[in-house]
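# Coordinate analysis (summary)
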Amino acid sequence: MDSPLLQPYRGPALHLPNRVAMAPMTRSRADDATGVPVPLMGDYYAQRAAAGLIVSEGIWPHRLGKGGPGVPGLTGAEHAAGWRHVTRAVHAAGGRIFAQLWHVGRVSHPDLLDGELPVAPSAVAITGERIYTAGGERDYVVPRAMSASDISEAVTSHARAARLAVEAGFDGVEISASYGYLVSQFLSDSANLRTDAYADRVRFAVEVTEAVAAEIGAGRTAVRVSPGNRLLGIVESDPAPRYHRLLEALGGLGLAYLHVVQSGTYAALADLRPRWQGTLVATYDDQQPVTPERAEEAVRGGLADVYAFGRAFLANPDLPGRIAAGAALNAPRESGFYGGGAEGYLDYPRLGEAVPVTAG
Ligand SMILES: Cc1cc2nc3c(=O)[nH]c(=O)nc-3n(C[C@H](O)[C@H](O)[C@H](O)COP(=O)(O)O)c2cc1C
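Model, not experiment: these values are computed from the prediction.

Most of strand β10 (residues 172-177) is tucked away, with six of its six residues classed as buried. Looking at chain direction, strand β5 (residues 97-101) and β10 are connected through four bridges and run parallel. When the bridges of β10 are listed, A99 appears paired with V173. Across five bridges, β10 lies against strand β11 (residues 221-225) in parallel orientation. Along β11, the bridge assignment pairs I175 with V223.

Another point: the site of the ligand. Taken together, the neighbourhood of the ligand is formed by 19 residues, with P24, T26, Y179, R224 and R311 sitting nearest. Side-chain polar atom of Q100 to a nitrogen atom of the ligand: 2.8 Å apart, as the coordinates give it. With respect to the ligand, the side chain of Y179 contributes an N or O atom lying 2.7 Å from an oxygen atom. Computed on the free molecule, the ligand has an accessible area of 610 Å², of which 92% lies beneath the protein chains in the complex. Mapping the ligand onto the cavity grids shows that it belongs to the largest pocket. Of the residues contributing to the shell around the ligand, the split by class is ten nonpolar, six polar and three charged.

What follows deals with the pattern of salt bridges. Here the idea is simple: oppositely charged side chains can pair when their charged atoms come close. Scanning the model with the defined rule gives 15 salt bridges in all. A salt bridge links E207 to R203; the nearest nitrogen and oxygen atoms lie 2.9 Å apart. Note that E207 and R203 are positioned in helix α5 (residues 203-216) at a spacing of four residues, about one turn of the helix. What makes E207 partly exposed here is its relative accessible area of 22%. Between R294 and D286 there is a salt bridge, with its nearest N and O atoms 2.8 Å apart. Residue classification places D286 among the partly exposed positions, given a relative accessible area of 37%. Connected through shared salt-bridge partners, R130, E137 and D139 make up one network.

Another point: helix α3 (residues 148-167). The end-to-end C-alpha distance of α3 is 29 Å, a good match for the 28 Å that 20 residues give at a rise of 1.5 Å each. Every buried residue belonging to α3 is among D150, I151, A154, V155, S157, H158, A159, A161, A162, L164, A165 and V166, and all of these are buried. Turning to α3, the residues buried within the fold contact α2 (77-92), β5, β9 (144-145), β10, α4 (182-187) and α5. Of the residues one or two after α3, G169 is the one with positive phi, at around 100°.

Put simply, the largest pocket is a space of about 1,500 Å³. Considering the residues around the largest pocket, the lining is formed by 46 residues, among which T26, Y181, L231, F337 and Y338 are closest to the centre. For the lining of the largest pocket, the elements supplying multiple residues, two or more each, are β4 (53-59), β7 (130-133), β13 (280-284), β14 (306-309) and α9 (311-315). If you add up the space inside the second largest pocket, you get close to 270 Å³. Contributing to the lining of the second largest pocket are 16 residues, with A33, K66, L112, L113 and D114 lying nearest its centre. Each residue belonging to the lining of the second largest pocket can be placed in one class, and the counts come to six nonpolar, four polar and six charged.

A few words on the nonpolar core. Ranked by internal contacts, the top residues of the largest apolar core, which has 101 residues, are Y45, W83, F170, F204, L246, Y307 and F309. The element best represented in this core is α3, accounting for nine residues. Residues in contact with F204, not counting those within four places in the same chain, are I151, A154, V155, L182, V183, F186 and Y198. Listed in part, the 14 residues of the second largest apolar core include L16, A21, F98 and V281.

Conventions and cut-offs
- Residues numbered from 1 in each chain as written.
- Predicted model: local features only at pLDDT ≥ 70, side-chain atom pairs only at ≥ 80, totals over all residues.
- Heavy atoms only, no water.
- Buried < 20%, exposed > 50% of the residue type's maximum accessible area, 1.4 Å probe, protein only.
- Helix = DSSP H or I, 4+ residues; strand = E, 2+ residues; numbered from the N terminus.
- Pairing = 2+ DSSP bridges.
- Near = heavy atom within 4 Å.
- Polar contact = N/O pair within 3.5 Å; in protein donor to acceptor, adjacent residues only side chain to side chain.
- Areas by Shrake-Rupley, 256 points an atom, 1.4 Å probe, with all protein chains shown as cover.
- 1 Å grid on protein atoms, 1.4 Å probe; cavity = no way out; pocket = protein on both sides within 12 Å on 5 of 7 lines; lining within 4 Å.
- Sits in = over half its atoms within 2 Å of the grid points.
- Nonpolar A, V, L, I, M, F, W, Y, C, P; charged D, E, K, R; others polar.
- Salt bridge = Lys/Arg side-chain N within 4 Å of Asp/Glu carboxyl O.
- Expected span 1.5 Å × (residues − 1).
- Contact = heavy atoms within 4.5 Å.
- Points joined across faces, edges and corners; volume = space filled by probe spheres on them.
- Core = buried A, V, L, I, M, F, W, Y, C linked by side-chain atoms within 4.5 Å.

Next up, the structure:
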């Protein structure tokens, strides 16, 4: 019960009853044709309302930002109405929820985009990996390099989605600048070969963040980065100076939080924590889901103010209660991660509940 994760958090712009956040996780259960959230999703997030903060699965802020079947969107009134159901359910259960805005850029395919080509900083395809579409796996295509007007449209789409998110009842938004998606592509050496002002790598991330903050207020705006991550063909040679510049540019805005995913060899948390005066949310991304003990260490040691759990929260709707009780955790079942219905989604038991017979 004396876990530092269970202490309330009062940051400049963020007040949370505990430091156990739920990391954003795509679950691919929205209506595929429209991207509108389905009622099941309200039940799923409400089950996890004991989190200090829930960050939603990635949501496309622009029609060209969709990266998989069943990924939800937030570009119009119909989406907002679907999300309102989700945010009401979370708030009724006592929780708080940010929307993760997730434009995937080149991590898409014409089959996911009504035949249109994906867009990216430069016309460089991902090689050696394939993408999952409703029709099966496909090779990545060479994306269309974004024009100046494409870039300004992408920036504006984040601001518009942020406005819709607030109207839909979200407590704020987290911009995905992590894991090889559009903003992260601009931050990288391998996907950004531009020779214009965006060649500096950080400009696009800053423009998106400033546009969102101008639209809904910096105190409701957050950014997620994964410095040094090598997924999806991303190379960031020498990430430290690049992220120092990014933090300098974002530091004065008064954001709700910076979310740092640490994976690979760059010790991003130790390096970036002293350079970030605001609230810092951390996630370690290793092969195995992180243990509460490791997250506690990060908070106790001052590397993070709040810790965001992915798979442990997916599999344990009552994760803060289990940490308080020092109880064992349910193991996540990968077969139910993406797509499908309630199975592998709503059926993880709380402490003391019987394990459903379908679990296995
Ligand atoms: C099923 C699944 C879906 C994910 N979807 C997203 C996503 O939409 N956006 C994102 O930023 N990270 C996503 N992630 C990464 C997680 O947020 C987290 O960084 C990662 O799983 C490591 O944390 P963990 O070990 O606690 O699971 C996803 C992870 C999983 C397992």
